Every structure is written in structure tokens, then in C-alpha cells.
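Spelled out, the chains give:
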Amino acid sequence: SVLREERSAANSTSTTLAAARAVSGVIQDAQERLIFCANTSLHKEVVRFKPTSADLNYPGKLLGEKPKAAIIIEGEEGAAAAKKAEKEESEINDAVAAQLRVYESWFPPMRSVLRILSKIFRVVEPRVFED
């Protein structure tokens, strides 16, 4: 972790040791704040998660089915809106969008947990993950 790397890089001079102690405290405080924010976010996005029928449609998600939406076309404006929607959908073929579509098949709480853990993994002490 960052803290361990900072400690190993420090020399044994008195100035470096004093600075290392000060920086160590700041890093520990920042890590505690990150853990608190991660717990709060996990509570909000995972513990309080209420699945919808679309979230539970796993055969459909894995097979790439899109949720069926009713489109009401009224006159020329409706036809223009439908064409615009088709054009926007065809633009999703971007490489980044293709990668993001993979994550759409994941159950939303799992997606949230992995997103949060991937952000804090390298900056928090490993002992935090051992509980």
C-alpha cells in the first residue's frame, strides 16, 4: 500500500523520521475517511438495494436482450423521434460502450461493490480487507 511504500522509502535521519510520522498520520486519517465513505456508499448501494424485475431477468441479460419499451409514434414528429432513437442506438458500437455493456449484465450490487473495491484497493492497508 501507499503507507508501506512511504515508510520503506524513508531514511533514518531525524528530519525524515519526523516528516514520516506526520505524513503517516495524514495517510491514516485519509484511509479512515476512505473506508468510512466506502462503507456509506456500500450501505446505500448494496444493503438498501431493491431489485426490479429488469435486475432479476438474468437469462435475458446474459443473452443480451434489451428491455421491451413501448414506443408510441404520432405523426411525422413520432417518426422523426424513432429515427433519431435508432441513430443514437447505432452509435453505441463504440469500443468503450461495448466494454461497459459487459458490466450491465452484472447484478447491480455486485457491480457497486467491485467498483468501490477497485478504487480503494491500492490506497488502503491490506489488513482492512482481511476482516
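As a convention, each chain's residues are numbered from 1 in the sequence order in which they are written. It should be noted that, the model being predicted, local features are given only for residues of pLDDT at least 70 and side-chain atom pairs only at 80 or more, the latter also being counted only at that level, while totals for whole chains, interfaces and linings use all residues. Side-chain numbers come from the whole structure's heavy atoms, not from hydrogens or water.

1. So, helix α2 (residues 14-47)
For the record, the criterion: By the criteria applied, helices consist of DSSP H or I runs no shorter than four residues and strands consist of E runs no shorter than two, each listed in order from the N terminus. For a helix, the expected span equals 1.5 Å multiplied by the number of residues minus one. Here the term buried applies to any residue with accessible area under 20% of the maximum for its type, exposed to any over 50%, and partly exposed to those in between, with areas from a 1.4 Å probe on protein chains only.
Between its first and last C-alpha, α2 extends 47 Å over 34 residues, near the 50 Å set by a 1.5 Å rise per residue. Burial in α2 covers these residues: Ser24, Ile27, Gln31, Ala38 and Ser41.

2. A look at the pattern of salt bridges
Pairing is possible between side chains that carry opposite charge, provided their charged atoms lie close to one another. Formally: Definition used for salt bridges: Asp or Glu carboxyl oxygen within 4 Å of a side-chain nitrogen of Lys or Arg.
Applying the stated rule across the entire model yields 1 salt bridge. Between Arg115 and Glu45 there is a salt bridge, with the nearest N and O atoms lying 2.6 Å from each other. One end of the pair, Arg115, is in helix α6 (residues 108-120); the other, Glu45, is in helix α2, and 70 residues separate them in sequence. Under the relative-accessibility criterion, Arg115 is labelled partly exposed at 35%. A relative accessible area of 22% places Glu45 in the partly exposed class.

3. Points about the confidence of the model for the chain
Counted only if it meets this: Within a predicted model, pLDDT stands for the predictor's per-residue confidence, ranging from 0 to 100.
Averaged over all residues, the pLDDT of the chain is 75; the fraction at 70 or higher stands at 64%. When pLDDT is averaged over each helix and strand of the chain, the minimum, 59, is found for helix α4 (residues 75-90) and the maximum, 89, for α6.

4. Some points on the environment of Leu56
How we decide: Two residues qualify as a contact provided that any one of their heavy atoms is within 4.5 Å of a heavy atom in the partner residue.
Structurally, Leu56 is set in the loop between α2 and α3 (58-63). For the pair formed by Leu56 and Pro108, sequence separation is 52 residues and the distance between their alpha carbons is 10.0 Å. If near-sequence neighbours (up to four positions away) are discounted, Leu56 is found in contact with Pro51 and Phe107.

5. Overview of the environment of Ser118
Basically, it comes down to this: The term polar contact refers here to a pair of N or O atoms within 3.5 Å; inside protein, the definition further demands a hydrogen-donor-capable atom paired with an acceptor-capable atom, and it admits residues adjacent in sequence only when both atoms are side-chain atoms.
You can see Ser118 is positioned in helix α6. Given the relative accessible area of 56%, Ser118 is considered exposed. A distance of 2.8 Å separates the side chain of Ser118 from the backbone oxygen of Arg115, its partner in a polar contact.

6. A look at the packing of aromatic side chains
Using the following cut-off: Note on ring pairs: Phe, Tyr and Trp rings are taken, using the six-membered ring of Trp, and paired if centres are within 6.5 Å. Classes follow the plane angle, with under 30 degrees stacked, over 60 edge-to-face and the rest tilted.
Within this structure, the stated rule accounts for 2 aromatic pairs. When the centroid spacing of 5.5 Å and the interplanar angle of 80 degrees are considered together, the rings of Phe49 and Phe107 count as edge-to-face. One end of the pair, Phe49, is in the loop between α2 and α3; the other, Phe107, is in the loop between α5 (95-104) and α6, with 58 residues separating them in the sequence. A relative accessible area of 22% means that Phe49 is categorised as partly exposed. Classification of Phe107 by relative accessible area gives partly exposed; the value is 28%. Between Tyr103 and Trp106, the aromatic rings sit 4.8 Å apart at their centres with planes inclined by 85 degrees, giving edge-to-face as the arrangement.

7. A look at a nonpolar patch on the surface
The cut-off we apply is this: Two distance rules govern patches: like charges are joined within 9 Å, and nonpolar side chains (Val, Leu, Ile, Met, Phe, Trp, Tyr) within 5 Å, applied only to residues with over 30% relative accessible area and no salt bridge. Every accessible area reported is derived by Shrake-Rupley at a probe size of 1.4 Å, with residue values counting cover from the shown protein chains alone.
On the surface, Met110, Leu114, Leu117, Phe121 and Phe129 cluster together into a nonpolar patch covering about 440 Å² of accessible area. When you line up the elements, Phe121 lands in the segment after α6.

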